[in-house]
Amino acid sequence: VEDLVNLLRVCKRWNELIEPNDNLWRKFIPNIAGFDPPAAESAREVIESIWRKSIKIGKERWYPDVSQAFVARMAEMKKCSQWGFSGKDPMRAGATLYLRLNPIYDFVKKGDDPNNTELLGVMKEIYEMFNRGKPYFDPARDSYEDDTDAIDPDDADIKNEKDVMEKSSLSNYSDTITYVQSIVEPPYATEVYDIAPRDLEGFSHLNEITDDTPPPYVYEGRSDSEDEEMQMLQKHYKTPKLSVYKEVMEIICGEDDTAKTRQFFLNDGCFNENYEYSWEILIGPYAAVYESRFFDL
């Protein structure tokens, strides 16, 4: 798109050929499931709107909230977190899915090599932009006064973009589904209640998923009539539709069920006197997922 915009400035004749060519601009509108392009009179105006709302990462542009299903699920989780889970308050947890509009850098294969100076510079931008829990950090409630005694000494320190690259983790397709599931069906809403998350292993690009209304979770070992907390959970925590996984995975990896991603840890999973917090970003061939969590202890 940036090249196309530059061609508009070459001369008046090229501008007349390119600017009104709706079919040409339409090629750059993302054609993926769950993406609802902004309303505009022309394809060029759609592209301009997407580009303005995107963030700049090196030479790339990342467009947020590309999946409506993912956005809706995050809204559900924020709503149900208002009453907390088993003494922990995940109200300040959140995640954003970014579409890489113009993928340039190979984060997956080369993302662990801090000697790659170009990618190191890009990772510095990512570290500075997404570190410190942005945009889910609440300065009125949160601080970064770490309790160093609570941190496992075996955990490596994450102090800069070089550490982020060196301590990144390569994920296969199954690992990526598991990561997405930890956001869509977070452990703080399942494990503490002995709820077993749906088993997504064995799916080949999720093509087997056809039922969009899976059965509700099985709440074992508790009496609904006697457990007020369980009643609240069932009221607020809804079983996520399996189509969320299919949509998100197609955005991250495209049509390739052998595609890999890379997970970057932007801090050590730190502890404050009153809460724990962590943030990380997973980057795939076509998209990135940023997650930030703050939990009361």
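Here the residue index of a chain counts from 1 through its sequence in written order. Local features in a predicted model are, by the rule used here, given only for residues with pLDDT of at least 70; side-chain atom pairs are given and counted only at 80 or more, and totals for whole chains, interfaces and linings are based on all residues. Side-chain measures were taken over the full set of non-hydrogen atoms in the model, leaving aside hydrogen atoms and water.

**Looking at the overall build of the protein chain**
Looking only at helices and strands, the protein chain features 12 helices and 8 strands. Taken across its 297 residues, the protein chain has 45% of its residues classed as buried. Long-range contacts, defined here as pairs at least 24 residues apart, represent 70% of the contacts in the protein chain between residues at least 6 apart. As displayed, the protein chain has an accessible area near 15600 Å², and 47% of this comes from carbon and sulfur atoms. Only DSSP runs of H or I covering at least 4 residues are called helices, and only runs of E covering at least 2 are called strands; the numbering of each starts at the N terminus. Any residue under 20% of the maximum accessible area for its type is buried, any over 50% is exposed, and the rest in between are partly exposed; the area is computed with a 1.4 Å probe on protein chains only. Contact between two residues is taken to exist if any of their heavy atoms lie within 4.5 Å; hydrogens are not considered. A 1.4 Å probe and the Shrake-Rupley method give the accessible areas. Residues count as covered only by the protein chains that appear here.

**Quick look at unusual backbone geometry**
Positive phi values are uncommon outside glycine, yet Asp 65 reaches one of about 55 degrees. Positionally, Asp 65 belongs in the loop between strand S2 (60-64) and helix H5 (68-80). For Asp 65, a relative accessible area of 39% translates into the label partly exposed.

**Overview of the pairing of S2**
In terms of burial, S2 is a largely internal element, 5 of the 5 residues being buried. Burial of the side chains of S2 extends over both faces: Glu 60, Trp 62 and Pro 64 are buried on one face and Arg 61 and Tyr 63 on the other. With 3 bridges joining them, strand S1 (residues 55-57) and S2 adopt antiparallel strand pairing. Residue Ile 57 lies in a different strand from S2, and its bridge partner there is Glu 60. Following DSSP output, two strands are said to pair if at least two bridges run between them. Adjacent in sequence and paired antiparallel, S1 and S2 are bridged by 2 residues, among which Gly 58 carries a positive phi angle near 60 degrees. Note that S2 and strand S3 (residues 94-100) share 3 bridges and pair antiparallel. Looking across to S3, one finds that Trp 62 is bridged to Arg 100.

**Quick word on the packing of aromatic side chains**
Ring geometry is summarised as follows: Phe, Tyr and Trp rings, the Trp one being its six-membered ring, pair when their centres sit within 6.5 Å, and such pairs are stacked at plane angles under 30 degrees, edge-to-face over 60 and tilted between the two. Throughout the structure, instances matching the rule amount to 7 aromatic pairs. Every member of this aromatic cluster is reached through a ring pair, and the members are Trp 62, Tyr 98, Tyr 105, Phe 107, Phe 130 and Tyr 290.

**A word on helix H9 (residues 173-184)**
The end-to-end C-alpha separation of H9 is 16 Å, in line with the 16 Å expected for 12 residues at 1.5 Å each. Restricting attention to buried positions, one finds in H9 the residues Tyr 173, Thr 176, Ile 177, Tyr 179, Val 180, Gln 181, Ile 183 and Val 184. Think of a polar contact as two N or O atoms within 3.5 Å of one another; within protein, one of them needs to be a possible hydrogen donor and the other a possible acceptor, and neighboring residues in sequence only count if both atoms come from side chains. Looking at where H9 begins, the residue whose side-chain oxygen comes 3.1 Å from the main-chain nitrogen of Ser 174 is Asn 172. Given a helix with a known number of residues, its expected span is that number minus one, times 1.5 Å.

**Observations regarding the pairing of strand S5 (residues 261-265)**
Counting buried residues along S5, 4 of its 5 residues qualify, which places the element largely inside the surrounding structure. Here strand S4 (residues 169-171) runs beside S5; their pairing, made up of 3 bridges, is antiparallel. Counted as the bridge partner of Ser 169 is Gln 263 from S5.

**A closer look at the UniProt feature "domain: F-box" (unreviewed entry) in the protein chain**
UniProt positions are given in the numbering used here, feature names are shortened, and annotations may be inferred rather than shown by experiment. Taken from the UniProt record, the annotation "domain: F-box" (unreviewed entry) applies to residues 1-28. Taken end to end, residues 1-28 is 68% helix and 0% strand, and its two terminal C-alpha atoms sit 7 Å from one another.

**Quick notes on the nonpolar core**
The criterion is simple. A nonpolar core is a set of buried Ala, Val, Leu, Ile, Met, Phe, Trp, Tyr and Cys residues joined through side-chain atoms within 4.5 Å. Within the largest apolar cluster, 36 residues are counted, with the highest numbers of intra-cluster contacts made by Phe 70, Leu 97 and Ile 252. Mapped onto this core, the elements with two or more residues apiece are helix H1 (2-8), helix H4 (43-53), H5, S3, H9, helix H12 (243-253) and strand S8 (287-296). The dominant element in this core, judged by the number of residues it contributes, is H12, at 7 residues. Residues within four places of Ile 252 in sequence aside, it is in contact with Leu 97, Thr 176, Val 180, Thr 261, Leu 282, Gly 284, Pro 285, Tyr 286, Ala 287 and Val 289. Ranked by size, the runner-up nonpolar core spans 25 residues in total, among them Ile 55, Trp 62, Phe 130 and Ile 158.

**A few points about the confidence of the model for the protein chain**
The pLDDT value expresses, per residue, how confident the predictor is, ranging between 0 and 100. Here the protein chain averages 80 in pLDDT, while 70% of its residues score no lower than 70. Taken element by element, the predicted model of the protein chain shows its lowest mean pLDDT in helix H11 (residues 228-236) (66) and its highest in helix H6 (residues 107-110) (96).

**Quick notes on the pattern of salt bridges**
Just to be clear on terms, a salt bridge is a Lys or Arg side-chain nitrogen sitting within 4 Å of an Asp or Glu carboxyl oxygen. For the structure on display, the rule yields 7 salt bridges. The salt bridge partner of Glu 60 is Arg 100, with a shortest N-O separation of 2.6 Å. Placement of Glu 60 in strand S2 and of Arg 100 in strand S3 is noted, with a sequence separation of 40 residues between them. The class of Arg 100 is buried, set by a relative accessible area of 4%. A single network of salt bridges, built from pairs that share partners, joins Glu 19, Arg 44 and Glu 48.

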